[in-house]
Amino acid sequence: MIKLNKVSKTYRTDKVETLALKDIDLHVREGEFVAMMGPSGCGKSTLLNVIGLLDRPGQGSIEIGGAVLQRPGDRELARLRNETFGFIFQSFHLVPDLRVIDNVEVPLLYRRMSGAERRRLARAALEKVGLGARMDHYPNQLSGGQQQRVAIARAIVGQPKILLADEPTGNLDSKMGEEVMDILLKLNAEGTTVVMVTHDEQEARRTHRIVRVFDGQLVSPAGATGERVHAA
Ligand SMILES: Nc1ncnc2c1ncn2[C@@H]1O[C@H](COP(=O)(O)OP(=O)(O)O)[C@@H](O)[C@H]1O
Ligand SMILES: [Mg+2]
């Protein structure tokens, strides 16, 4: 489903050059739920952004769903990103002036679709995360856990094959975090491939496999070729 071959990424600013990713080989199979762990600054977000086509790798190649991406143009990249990936971030990234239902519809604005169809899909996504009754609320009228569930609804409304979550429970207390984790596990059980960055070992143990990142490199051999280990 996702294959990274020798992917490297360097950030350059006026004064410093940071090698954020070094020779990453990673294979995520269709239907897998992978947890990505590692200390702050080790390159987890960079790796997730490169996988999700938000950021281009410096060197190396990426295959998504069997297709090698050979220098795709910006429009092609945007289309592929929109159709393939759903993104969930630690700080939710909801638009405060939009009602919940309108937030969830945002990814569909880039598709050819009637307003009625958009609304129908957004409702279904909100019902899936247990927020069918909150559609007309504004984000600041919801708890953190509920806001993250809205963000999940927005991530899945376009029925992406792959969900990328960057510390989705990082701003939540443990009960709300567990609810978010339950939803991600449910979506995975229904067939969505999930890659999630987390600092929580307990959460990570509920996934199929943990990939450990250190200093821009994968330290777990399982990251490249490993066996699929099922959570108990
Ligand atoms: N846009 C950027 N410009 C310059 N350096 C960056 C940028 N984004 C990340 N970095 C650097 O790349 C390294 C990896 O960052 P990041 O992927 O955010 O790590 P993590 O998510 O594991 O905390 C860090 O040293 C960080 O400072
Ligand atoms: Mg990060």
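What counts, and where the lines are drawn
Residues numbered from 1 in each chain as written. Chains lettered and ligands numbered in written order. Predicted model: local features only at pLDDT ≥ 70, side-chain atom pairs only at ≥ 80, totals over all residues. Heavy atoms only, no water. Near = heavy atom within 4 Å. Polar contact = N/O pair within 3.5 Å; in protein donor to acceptor, adjacent residues only side chain to side chain. Areas by Shrake-Rupley, 256 points an atom, 1.4 Å probe, with all protein chains shown as cover. Helix = DSSP H or I, 4+ residues; strand = E, 2+ residues; numbered from the N terminus. Nonpolar A, V, L, I, M, F, W, Y, C, P; charged D, E, K, R; others polar. Buried < 20%, exposed > 50% of the residue type's maximum accessible area, 1.4 Å probe, protein only. Arc of directions from axis to C-beta. Contact = heavy atoms within 4.5 Å.

**Student:** Teacher, can you tell me more about the site of ligand 1 here?
**Tutor:** Neighbouring ligand 1 are Tyr11, Thr18, Ala20, Pro39, Ser40, Gly41, Cys42, Gly43, Lys44, Ser45 and Thr46. Separating an oxygen atom of ligand 1 from a side-chain N or O atom of Ser45 is a distance of 2.8 Å. For ligand 1, whose unbound accessible area comes to 560 Å², protein coverage reaches 61%. Breaking the shell around ligand 1 down by element, the ones donating at least two residues are β2 (17-28) and α1 (44-51). Here the shell around ligand 1 gets three residues from one element, more than from any other, and that element is α1. A breakdown of the residues in the shell around ligand 1 according to their chemical character gives four nonpolar, six polar and one charged.

**Student:** Even after reading the chapter, I still don't get helix α2 (residues 74-84), so can you show me in this structure?
**Tutor:** Given 3.6 residues per helical turn, the α-helix brings residues three or four places apart onto the same face. For α2, every residue scored as buried is listed here: Leu77, Leu80 and Thr84. Burial along α2 is one-sided: seen end-on, the buried residues are contained in an arc of 70°. In α2, those exposed residues whose orientation departs by more than 90 degrees from the buried face are Asp74 and Arg75. Lining the buried residues of α2 we find β4 (59-64), β6 (85-89) and β7 (162-166).

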